[in-house]
Amino acid sequence: MTTATPIRPEGPSSDRPADRVTGTLGGAINAGLRAALDSDPRVLLMGLDIGKLGGVFRITDGLQKDFGEHRVLDMPLAESGMVGTAFGLALRGYRPVVEIQFDGFVYPAFDQIVSQVAKIRYRTAGRVGAPMVIRIPYGGGIGAVEHHSESPEAYFAHTAGLRVVAPSTPHDAYWMIQQAVASDDPVIFFEPKRRYWDKGGWSPESPDLPLDRARIMRMGTDATLVTYGSTVGTAILAAEVAEKEGRSLEVVDLRSLSPLDMDTVCRSVRRTGRLVVVHEDTGFLGMASEIAAQVSRECFYSLEAPVERVTGFHVPYPAARLERHHLPDVDRILAGVDTVLA
């Protein structure tokens, strides 16, 4: 008789203190960009106030000083121009990384991204690619005004030809930004801005997962929570609270939104029999809709309850005083768990 290998959380290798660097998620992105600039002279950073100022969130702090104005470029306030310039540079062999200052500012560049950047490989039958990264701080939780707290990830995940990713920990932020820069495909890199100051460790040796692989953050048996980016930490808190109440929740961090690692998601759902999908974006035609549809098809005979979605509401992002009611929190996640367990 063979013994099955026990399933364990796929925690980052940075859990080993001997090889760990500690810092914030924002600091990890800075360190990852520094490593990319240092290892490949074709890498360029571009954006509004990213040079001397270091960006509005200081993610690129110190990089222009160390690598020069020809590698870290301050650009005019014109997102379409930034992305179009980066696209042209990518066609000439460079690997540009564009920073969109806030999520809601990406729309002037939307046509460039979905009509040109995403299509070039198909248009040229694979002969020409666009190895570029578009960094977008996304989501709420910082009390900002209109156009500063949006979640536009579904627009880009819907667009064939783009990779769309979102780290949730310093370890993943450090490695995923380097993997994105090294990718020969264009990558939309969503950074959960309210997690910029979350602290953790990362291993400087090597990434422990490919860019498009989901991570099991916490093992459980009663229900699966699938989430990404800014709500991963919230889902883990919900699982900790549920544990005190005698319920065991598994937490899966998607990491990649396009492509989706549905194999990892489905393996988890087949073990637990129940699924709650959590994200800040609206539930209507959001990422949760696609995940629920695929799980309902692939795991139909394993599901003990319909898939539940815990998301932002289908409204324009509310004013700062109301955003705590809009964003999924521990109570709303646990209410969703109650629904699938009822």
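Calculation criteria
- Throughout, residues of each chain are indexed from 1 in the direction in which the sequence is written.
- Confidence filtering applies because this is a predicted model: local features only for residues at pLDDT of at least 70, side-chain atom pairs given and counted only at 80 or more, and all residues used for totals across whole chains, interfaces and linings.
- The basis for every side-chain value is the complete set of heavy atoms in the structure, and neither hydrogens nor water enter the calculation.
- UniProt positions are given in the numbering used here, feature names are shortened, and annotations may be inferred rather than shown by experiment.
- Strands are runs of DSSP state E lasting at least 2 residues, helices are runs of H or I lasting at least 4, and numbering of each runs from the N terminus.
- Contacts described as polar in this section are N or O atom pairs within 3.5 Å, which, within protein, must combine one atom able to donate a hydrogen with one able to accept it, while residues neighboring in sequence count only if both atoms come from side chains.
- Residue contacts are counted whenever heavy atoms from the two residues lie within 4.5 Å of one another.
- A side-chain nitrogen of Lys or Arg and a carboxyl oxygen of Asp or Glu constitute a salt bridge if their distance falls within 4 Å.
- Residue exposure (1.4 Å probe, protein chains only): buried if accessible area is under 20% of the type maximum, exposed if over 50%, otherwise partly exposed.
- Each pair of strands is called paired provided DSSP finds at least two bridges between the two strands.
- As a rule, the C-alpha atoms of each element are fitted with a line to give its axis, helices using only the stretch in contact, and angles between N-to-C directions run from 0 to 180 degrees.

S.K.: Could you give me a rundown of the UniProt feature "domain: Transketolase-like pyrimidine-binding" (unreviewed entry) in the protein, with the residues and numbers involved?
M.R.: When the UniProt feature table is mapped onto this chain numbering, "domain: Transketolase-like pyrimidine-binding" (unreviewed entry) sits at residues 23-198. Split by type, residues 23-198 is 36% helix and 17% strand. Its first and last C-alpha atoms lie 8 Å apart.

S.K.: I'd like a rundown of the side chain of His326, residues and numbers included.
M.R.: For His326, the position within the fold is in helix 11 (residues 323-326). Among the polar contacts made by the side chain of His326, one reaches the main-chain amide nitrogen of Phe313 at a distance of 3.4 Å. Other than its neighbours up to four places away in sequence, His326 contacts Glu280, Thr311, Gly312, Phe313, Val315, Tyr317, Pro318 and Arg332.

S.K.: Hey, could you go over the pattern of salt bridges for me, with residue numbers and the actual values?
M.R.: Tallying each qualifying case throughout the model produces 21 salt bridges. Asp184 is the partner of Arg95 in a salt bridge, and the nearest nitrogen-oxygen pair spans 2.6 Å. One end of the pair, Arg95, is in strand 4 (residues 95-99); the other, Asp184, is in the loop between helix 7 (170-182) and strand 7 (187-192), and 89 residues separate them in sequence. Residue classification places Arg95 among the buried positions, given a relative accessible area of 10%. Close ionic contact of Arg247 with Glu245 constitutes a salt bridge, the shortest N to O distance being 2.4 Å. The class for Glu245 is partly exposed, based on a relative accessible area of 49%. Shared partners join several salt bridges into a network, and the residues in it are Arg121, Arg163, Asp185 and Asp212.

S.K.: Residues and numbers for the pairing of strand 4, please.
M.R.: Burial analysis of strand 4 places 5 of its 5 residues in the buried class, the great majority of the element. Neither face of strand 4 is left uncovered, since the one carrying Arg95, Val97 and Glu99 and the one carrying Pro96 and Val98 both have all their residues buried. Both strand 2 (residues 43-47) and strand 4 contribute to a ladder of 5 bridges, which runs parallel. Bridge pairing links Leu44 to Pro96 in strand 4.

S.K.: Go over the sheet that holds strand 9 (residues 215-218) with me, naming the residues and quoting the values.
M.R.: Pairing is mixed in the open sheet, where 5 strands are placed in the order 9-11-10-13-14. Whereas interior strands pair on both sides, the edge strands pair on one side only; in this sheet they are strand 9 and strand 14 (308-312). Across the sheet, the mean angle from the axis of one strand to that of its neighbour is 25 degrees, orientation sign disregarded. Here strand 13 (residues 275-282) pairs with strand 14 via 4 bridges, running parallel.

S.K.: An account of unusual backbone geometry is needed here, citing residue identities and associated values.
M.R.: Geometrically, the link from Ser258 to Pro259 is a cis peptide bond, its omega value of 0 degrees lying close to zero. Within the element layout of this structure, Pro259 appears in the loop between strand 12 (256-258) and helix 9 (262-272). Although it is not a glycine, His147 adopts a positive phi angle of roughly 75 degrees.

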